[in-house]
Amino acid sequence: AQKAGNADIKFAVNYLKKSTRKVINFGAKCSEKQLNFAPNELTWSLAGNLEHLIKTDKLYSTLITSALERESTGYEQSEATDTEVISKMSVRSATSQRMSTTPSLIPKSDYKDFAEVKMALSNSRKEIIQYLKTTNDELRGHFAKHPLFGQLDVFQWYLMNAAHTERHYMQMLELSQLKSFPNK
């Protein structure tokens, strides 16, 4: 059986908790005006970043479920290491690769306020964390293709989710540092 080890699971759970806490705590310090501020049509607001993470959780869940339902061949392997997934997905700098998303993951202001977004993201992450803590699924033995990394095992999709959250935390920080960002 190709299960993720206890240390792997513990790391993924803690990383997911930490990155989720960062974006939620950041959003909690902001006014509704700040949460909904976007300097232009191409830049997501803070609330938009959070909504995007919720939409991404749903997509990843569908991909992971599908991967786990397929029979493991025993011959597939990841095209990236765990470290590569985390480092390439979490980094956001002037020189890092900018990523675009699919239309279904673009925020559409589906939530009326921060409390609603926070609840949706918190509930989504609680489900993921509970699954990781209790699963007997072979997370290292099933794979799904990622457009940037190629084949990743299911466990790596969970690492990528946490790293993706970290990336959006950085994006939220950048937005809040703009001169045009509202004071409150």
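Going by the structure above, here's the rest.
Residues numbered from 1 in each chain as written. Predicted model: local features only at pLDDT ≥ 70, side-chain atom pairs only at ≥ 80, totals over all residues. Heavy atoms only, no water.

**Concerning the packing of helix α3 (residues 46-69) against helix α5 (residues 114-134)**
Logical step 1: It is at 9 Å that the axes of α3 and α5 come closest, and there the two elements cross at 25°. The orientation of α3 relative to α5 falls into the category roughly parallel. Every pair of crossing elements has a handedness; the one defined by α3 and α5 is left-handed. Residues Leu50, Glu51, Leu53, Ile54, Asp57 and Leu68 of α3 pack against Phe114, Val117, Ala120, Leu121, Ser124, Arg125, Ile128 and Tyr131 of α5.
Logical step 2: For the contact of α3 with α5, a count of residues per class yields 10 nonpolar, one polar and three charged. (Axes fitted to C-alpha atoms, helices over the stretch in contact; angles between N-to-C directions. Helix = DSSP H or I, 4+ residues; strand = E, 2+ residues; numbered from the N terminus. Parallel < 35°, antiparallel > 145°, perpendicular 65-115°, else oblique. Left-handed = near helix turned anticlockwise from the far one by under 90°. Contact = heavy atoms within 4.5 Å. Nonpolar A, V, L, I, M, F, W, Y, C, P; charged D, E, K, R; others polar.)

**Examining the side chain of glutamine 151**
Logical step 1: Note on placement: glutamine 151 falls in strand β2 (residues 150-153).
Logical step 2: Separated by 2.9 Å, the side chains of glutamine 151 and glutamate 76 make a polar contact.
Logical step 3: Apart from residues no more than four positions distant in its own chain, glutamine 151 is found in contact with Glu76, Gln77, Ser78, Glu79, Ala80, Phe143, Ala144 and Lys145. (Polar contact = N/O pair within 3.5 Å; in protein donor to acceptor, adjacent residues only side chain to side chain.)

**Comments concerning the layout of surface pockets**
Logical step 1: Its volume calculated, the second largest pocket comes out at about 300 Å³.
Logical step 2: Lining the second largest pocket are 16 residues; nearest its centre among them are Asp57, Ser61, Glu127, Ile128 and Tyr158.
Logical step 3: Residue assignment for the lining of the second largest pocket shows that the elements contributing at least two residues are α3, α5 and α6 (154-176).
Logical step 4: Sorting elements by how many residues they give to the lining of the second largest pocket places α3 first, with eight residues.
Logical step 5: In the lining of the second largest pocket, the residues fall into nine nonpolar, four polar and three charged. (1 Å grid on protein atoms, 1.4 Å probe; cavity = no way out; pocket = protein on both sides within 12 Å on 5 of 7 lines; lining within 4 Å. Points joined across faces, edges and corners; volume = space filled by probe spheres on them.)

**Examining a positive patch on the surface**
Logical step 1: Residues Lys17, Lys18, Arg21 and Lys133 make up a contiguous surface patch of positive charge.
Logical step 2: With three residues, helix α1 (residues 6-28) is the largest single contributor of residues to the positive patch.
Logical step 3: Inspection of the secondary structure assignment puts lysine 18 in helix α1. (Patch = residues over 30% accessible without salt bridge, like charges linked within 9 Å, V, L, I, M, F, W, Y side chains within 5 Å. Areas by Shrake-Rupley, 256 points an atom, 1.4 Å probe, with all protein chains shown as cover. Salt bridge = Lys/Arg side-chain N within 4 Å of Asp/Glu carboxyl O. Lys, Arg positive; Asp, Glu negative; His and termini not counted. Charge placed at Lys NZ, Arg CZ, Asp CG, Glu CD.)

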